[in-house]
Amino acid sequence: SYFQEHKQPFLIAFGIFFGYSLLVIGMWLTILRRRRAEGALQKALSKAEEARDKIVAILKSVADGLIFTDMDNRIILMSSSAEAMLGRKSAELFMQPLDTAVTGKSAREIIPTILAESGKEVILEVEPAARQQDQGRSIQVRSALVRGEKGGKEGVITLLRDVSRERELDQMKNEFISTAAHELRTPLTSVKGYSELLLSDQVLNEQQRTEFLAIINEKADVLTRIVDDLLNLSRVESGRVIYLTKTWQDLGLALGKQISRYRHEWKTHRFEIDLPAESLILMFDLDKLTQVMENLLSNAVKYSPAESLIQTSCQLSADQVQISVKDQGYGMTAGQVERVFDKFYRGNASNTAKEGLGLGMSIAKNIIKAHGGEIWVESKLDRGTTVSFTLPIGSKTDNGH
């Protein structure tokens, strides 16, 4: 038959066709597998990018600095907050030892300490790598071991927290306690000494008795002011405003009396006062405002040379009055001006410093704020200081406390 005669070529042709078909099918299957693999790879890359974006977002949002180091203590990753805290870029520190960013022997011992403590968190305190502007800064380091899915040690995660301000506050509080003890002891010593003289059998004339009693009374006033400052500080620290007893008063008359008293007590300085022609009838707490002016005037006397001029002025506007106390004293640096209202702050905390607890300006600020006013300082080193504050001008319908 025809099939039998052409069987051989037919089988060859069929084999070629079948083989070509298998080749085509194989190619399509290969292409399909590749597309599936590409799709899976694309999904994996997309997930990896999402994970990376999340990590970047987390790193950017963390306020504390974050550093990841490998087990050889080399920096692999740094957050932007860590860069800002250390003043160094991650590219600059990549693969560098951790102690190139933070100094001190303790920085080099983080990984050995963690391994010795069986992976427990380690808390140390170090300093930024030496830079002029970083002198005196302290950074708290909290480091913990990072383990992989199989429990292997992958590296160390380190959180950096700038604790310079806390350390400074601790130092200021310690200085405050020492200063407060000294400030309390000084008048107490006088009170005790002169009272013992009055109680002794020693014969004293009337003039001596009057003089000793006057000194005791003066030192008692000093103690009262110190206790009042401490009570006011306690009130402010507890979140309460300083209590005011406001009444309608003549501000010009009150300021004039205080300047007259200072002229009488401090003949080493010259005092001037400039008041508007019209009367200044305002609602304010006379005792508290006297405390503010006492602080400003006494500071002006303390920090200005003898024979220099101390000026007090008032400027009246539509809704407020501004009172300023200007001296020709030693002035302050920009850094001192920035911190002058901080609790416990004293520009000079040494044994040669002027007396005081470092609370006066902080309490003055709270008193003025309680009145609804503002207070600020303008000063330049060796060119004097001006402290100004405002008080609102209320209407006769106001009667707040």
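This one's a predicted model, so the numbers in the text were calculated from it and none came from an experiment. (Residues numbered from 1 in each chain as written. Predicted model: local features only at pLDDT ≥ 70, side-chain atom pairs only at ≥ 80, totals over all residues. Heavy atoms only, no water.)

Within the protein one finds twelve helices and 13 strands. Among the 401 residues that make up the protein, the fraction classed as buried is 34%. Considering only intrachain contacts with a sequence separation of at least 6, the fraction spanning at least 24 residues in the protein is 59%. Looking at the protein as shown, the accessible area adds up to about 24900 Å², and 55% of this sits on carbon and sulfur atoms. (Helix = DSSP H or I, 4+ residues; strand = E, 2+ residues; numbered from the N terminus. Buried < 20%, exposed > 50% of the residue type's maximum accessible area, 1.4 Å probe, protein only. Contact = heavy atoms within 4.5 Å. Areas by Shrake-Rupley, 256 points an atom, 1.4 Å probe, with all protein chains shown as cover.)

Next up on the list: helix H12 (residues 360–370). Taken as a whole, H12 has its buried residues at Gly360, Met361, Ser362, Ile363, Ala364, Ile367 and Ile368. Trailing H12 by a residue or two, Gly372 shows a phi angle of about 90 degrees, which is positive.

What follows is about a nonpolar patch on the surface. Residues Ile76, Leu77, Phe94 and Met95 make up a contiguous nonpolar surface patch of roughly 320 Å² in combined accessible area. Structurally, Ile76 can be placed in strand E2 (residues 75–78). (Patch = residues over 30% accessible without salt bridge, like charges linked within 9 Å, V, L, I, M, F, W, Y side chains within 5 Å. Salt bridge = Lys/Arg side-chain N within 4 Å of Asp/Glu carboxyl O.)

This part takes up the pairing of E2. The sheet contact formed by strand E1 (residues 65–69) and E2 spans three bridges and is antiparallel. Counted as the bridge partner of Phe68 is Leu77 from E2. (Pairing = 2+ DSSP bridges.)

Moving on, we get to the side chain of Ser379. Among the secondary structure elements, Ser379 is positioned in strand E12 (residues 375–379). A distance of 3.2 Å separates the side chain of Ser379 from the backbone oxygen of Gly384, its partner in a polar contact. Looking at Ser379, its side chain comes within polar contact range of the side chain of Thr385, at 2.7 Å. When near neighbours in sequence (up to four residues on either side) are disregarded, Ser379 contacts Gly331, Met332, Val337, Gly384 and Thr385. (Polar contact = N/O pair within 3.5 Å; in protein donor to acceptor, adjacent residues only side chain to side chain.)

Turning our eyes to something else, we now look at the packing of helix H10 (residues 286–302) against H12. With their axes 9 Å apart at the nearest point, H10 and H12 run at an angle of 145 degrees to one another. Crossing geometry of H10 relative to H12 is assigned as left-handed. Where H10 abuts H12, its residues Lys288, Leu289, Gln291, Val292, Asn295, Leu296 and Asn299 lie against Gly360, Met361, Ile363, Ala364, Ile367 and Ile368. Here the residues of the contact of H10 with H12 are counted per class, giving eight nonpolar, four polar and one charged. (Axes fitted to C-alpha atoms, helices over the stretch in contact; angles between N-to-C directions. Left-handed = near helix turned anticlockwise from the far one by under 90°. Nonpolar A, V, L, I, M, F, W, Y, C, P; charged D, E, K, R; others polar.)

In total, this model carries four salt bridges according to the counting rule given. Where Arg261 meets Glu294, a salt bridge forms, and the shortest distance between an N and an O atom there is 2.4 Å. Here Glu294 lies in helix H10 and Arg261 lies in helix H9 (residues 251–265), a separation of 33 residues in the sequence. Judged by its relative accessible area of 32%, Arg261 is partly exposed. One continuous salt-bridge network, built from bridges that share partners, spans Arg261, Glu265 and Glu294.

The geometry of H9 relative to H10 is characterised by a closest axis approach of 11 Å and an angle of 40 degrees between their N-to-C directions. Relative to H10, the element H9 is oriented oblique. Between H9 and H10 lies a crossing whose hand is right-handed. Of the residues in H10, those in contact with Leu251, Ala254, Leu255, Gln258, Ile259, Arg261 and Tyr262 of H9 are Leu286, Leu289, Thr290, Met293, Glu294, Leu297, Ser298 and Val301. The residue makeup of the contact of H9 with H10, split by class, is ten nonpolar, three polar and two charged. (Parallel < 35°, antiparallel > 145°, perpendicular 65-115°, else oblique.)

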